[in-house]
Amino acid sequence: VRIDDNSVKIVGCNSSVLPEDLVIPETVQGKTVTEIGERAFFKTNIKSVILPETVTEIGPSAFSTILSLTSVTILGKITELNNGVFYYCPYLSEVNLPDSIKHIGDNAFGTCRLENFQLPKNLETIGSYAFSGCGMTQLIIPASLHTIGNHGFDGLYNLTKVIFEERTTLLSLG
């Protein structure tokens, strides 16, 4: 944990003492938790994680390569999911994201199960390989989405239906 004058950034953890169902607190030592650092929970053994409304940034690969992770809930007003944030979490099937997310980075959910997944309503861009190898059967493309990076939805072998919302602004499909 890195604490400055007003906020807390979680930069790493001792995985042997983490609970399986992790709830990130809103405050640590009276300071607001605002950020999860790069690779902060990389290769830990958590099964679920809930991020509070106070978290505004999640670093690249913060929760990647967690073989036991099945559920993620982000409650905050976060606007971006960085590259690889949940990459290679093969059992991650339940993800609840706020509609405030405008950008999902490269490989953000690559090789995750994600059977029932909804793209955030205000999403504007999806990075390359963001959902590569996921298990989604249906996708609803929000009207706000204008760019999908190269291979953004590569390898979705279970996908049977794609719905584009009215007035779609999709300009670039990689």
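Residues numbered from 1 in each chain as written. Predicted model: local features only at pLDDT ≥ 70, side-chain atom pairs only at ≥ 80, totals over all residues. Heavy atoms only, no water.

### A word on the sheet that holds strand β8 (residues 71–74)
Alright, step 1. Strands sit in the order β3-β6-β8-β10 across an open sheet of four strands; the sheet is parallel. If you trace the sheet from one side to the other, it starts and ends with β3 (21–23) and β10 (94–96), each paired once. For this sheet the average axis-to-axis angle between neighbouring strands, irrespective of direction, equals 5°.
Alright, step 2. Pairing of strand β6 (residues 48–51) with β8, which is carried by four bridges, proceeds in the parallel orientation. Counted as the bridge partner of V49 is V72 from β8. (Pairing = 2+ DSSP bridges. Helix = DSSP H or I, 4+ residues; strand = E, 2+ residues; numbered from the N terminus. Axes fitted to C-alpha atoms, helices over the stretch in contact; angles between N-to-C directions.)

### Concerning the state of the cysteines
Alright, step 1. Applying the stated criterion to the full structure yields zero disulfides.
Alright, step 2. C13 takes part in no disulfide bond, and the closest cysteine sulfur to it belongs to C89, at a distance of 13 Å.
Alright, step 3. According to the relative accessible area criterion, C13 is partly exposed, its value standing at 33%.
Alright, step 4. With no disulfide of its own, C134 lies closest to C112 among cysteine sulfurs, the gap being 5.4 Å. (Disulfide = S-S within 2.5 Å. Buried < 20%, exposed > 50% of the residue type's maximum accessible area, 1.4 Å probe, protein only.)

### Things to note about a nonpolar patch on the surface
Alright, step 1. A grouping of V23, I50 and L75 is seen on the molecular surface, where their side chains present a nonpolar patch of about 250 Å² in accessible area.
Alright, step 2. Position of L75 among the secondary structure elements: in the loop between β8 and β9 (80–81).
Alright, step 3. For L75, a relative accessible area of 44% puts it in the partly exposed group. (Patch = residues over 30% accessible without salt bridge, like charges linked within 9 Å, V, L, I, M, F, W, Y side chains within 5 Å. Areas by Shrake-Rupley, 256 points an atom, 1.4 Å probe, with all protein chains shown as cover. Salt bridge = Lys/Arg side-chain N within 4 Å of Asp/Glu carboxyl O.)

### Quick word on the nonpolar core
Alright, step 1. I36, I58, F63, L92, F109, L114 and F131 are the most contacted members of the largest nonpolar core, which has 47 residues in total.
Alright, step 2. In this structure, F63 is in contact with I36, F41, I46, V49, L51, I58, L69, V85, F86 and C89, ignoring residues within four places of it in sequence. (Core = buried A, V, L, I, M, F, W, Y, C linked by side-chain atoms within 4.5 Å. Contact = heavy atoms within 4.5 Å.)

### Remarks on the packing of aromatic side chains
Alright, step 1. Going through the model one piece at a time under the given rule, you end up with eight aromatic pairs.
Alright, step 2. Ring centres of F109 and F117 lie 5.5 Å apart, and the angle between their planes is 55°; on these two criteria the pair is classed as tilted. For the pair F109 and F117, a shared accessibility class is recorded, and that class is buried.
Alright, step 3. On the numbers, 5.3 Å between centres and 50° between planes, the contact of F117 with F131 is tilted. (Phe/Tyr/Trp six-rings, centres within 6.5 Å; stacked < 30°, edge-to-face > 60°.)

### Things to note about the sheet that holds β9
Alright, step 1. Taken together, the five strands give an open sheet; going across it, the order is β9-β11-β12-β14-β16, and neighbouring strands pair in parallel fashion. Whereas interior strands pair on both sides, the edge strands pair on one side only; in this sheet they are β9 and β16 (172–173).
Alright, step 2. Summarising the sheet, β9 and strand β11 (residues 103–104) pair through two bridges and their orientation is parallel. Within β11, the position partnered with E80 by the bridge is H103.

### Quick notes on the environment of E80
Alright, step 1. Topologically, E80 is positioned in strand β9.
Alright, step 2. By relative accessible area, E80 is classed as partly exposed at 36%.
Alright, step 3. Sequence separation of E80 and Q29 is 51 residues, and the distance between their C-alpha atoms is 27 Å.

So far we have only geometry, and geometry alone does not tell us how the molecule works.
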